[in-house]
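Listed here are the chains, written in short residue letters.
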Amino acid sequence: TLTPCRVLDTRNAAGPLGGPALVALADRTFVVAGTCGIPADAKAISLNIAVTGSTNAGNIRLHPGGTAVPLVSAINYKAGQTRSNNAVIPLSALGQLAAYLDQAGGTAHLILDVNGYFK
């Protein structure tokens, strides 16, 4: 377990773990290993996922960076809705986590708070 820590927030200024917002039908990869106490050799992380500011209904699909987008979502929402969910998501060998925004168009913000990892 880890003390809860905000590892990613796309509402923040542009940066590797910040903005801009996720774009519809696009995959964005984040390097999370080495932040918030997540070791470089972590295989998966336990986190709270939040979505806010979406311009359309949709879902976000989380997966290891560099892998195919999964068919299952980590969180579903309606336009403008703020929602959260818990998940355990595998990381790539490089400590990467990817987020795919599956919605008809527009953008949404993603917030990830990590609370543990697996080796």
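Cut-offs and rules
Residues numbered from 1 in each chain as written. Predicted model: local features only at pLDDT ≥ 70, side-chain atom pairs only at ≥ 80, totals over all residues. Heavy atoms only, no water. Salt bridge = Lys/Arg side-chain N within 4 Å of Asp/Glu carboxyl O. Buried < 20%, exposed > 50% of the residue type's maximum accessible area, 1.4 Å probe, protein only. Core = buried A, V, L, I, M, F, W, Y, C linked by side-chain atoms within 4.5 Å. Helix = DSSP H or I, 4+ residues; strand = E, 2+ residues; numbered from the N terminus. Contact = heavy atoms within 4.5 Å. Pairing = 2+ DSSP bridges. Axes fitted to C-alpha atoms, helices over the stretch in contact; angles between N-to-C directions.

Asker: Run through the pattern of salt bridges, naming residues and quoting values.
Answerer: It is possible for side chains bearing opposite charge to pair when their charged atoms get close. Applying the stated criterion across every chain, the model contains five salt bridges. A salt bridge links D9 to R11, with the nearest nitrogen and oxygen atoms 2.7 Å apart. Take D9: its relative accessible area is 4%, and that puts it in the buried class. Salt bridges here are not isolated pairs; linked through shared partners, they connect R6, D9, R11 and D113.

Asker: Describe the nonpolar core, listing the residues and the values that go with them.
Answerer: Of all hydrophobic cores here, the largest spans 27 residues; its most connected members are I60 and L62. Those elements giving two or more residues to this core turn out to be β1 (5–9), β4 (44–52), β5 (58–64), β6 (75–77), β7 (83–90), β8 (96–103) and β9 (107–118). When sequence neighbours within four positions are dropped, the list of residues in contact with L62 reads L47, I49, P70, A74, I89, L97, A98, A99, L110 and L112.

Asker: Which residues make up the sheet that holds β6, and what values do they have?
Answerer: The antiparallel open sheet is built from four strands, whose spatial order is β3-β8-β5-β6. Strands at the two margins of the open sheet, each flanked by one partner only, are β3 (27–31) and β6. Strand-to-strand twist across the sheet, computed as the mean angle between neighbouring axes with direction ignored, equals 20 degrees. Here β3 pairs with β8 via five bridges, running antiparallel. When the bridges of β8 are listed, D27 appears paired with Y100.

Asker: Describe in detail the environment of S84, supporting the description with residues and values.
Answerer: Checked against the element boundaries, S84 lands in strand β7. Residue classification places S84 among the partly exposed positions, given a relative accessible area of 49%. Setting aside residues up to four positions removed in sequence, S84 forms contacts with N48, I49, A50 and I75.

Asker: Provide a residue-level description of the environment of L94, including the pertinent values.
Answerer: With respect to the helices and strands, L94 occurs in the loop between β7 and β8. Given a relative accessible area of 64%, L94 falls into the exposed group. On a C-alpha basis, the gap between L94 and T55 in space is 32 Å, while along the polypeptide they are 39 residues apart.

Asker: Go over the pairing of β9, please, and point to the residues and values.
Answerer: As defined by bridge partners, β1 adjoins β9 across four bridges and the pair is classed as antiparallel. Of the residues in β9, the one forming a bridge with R6 is D113. Pairing between strand β2 (residues 22–23) and β9: two bridges, direction antiparallel. Counted as the bridge partner of V23 is T107 from β9. Here β4 pairs with β9 via nine bridges, running antiparallel. Opposite I49, over in β9, you have L112 as the bridge partner.

No statement about biological role is implied by the geometric values presented.
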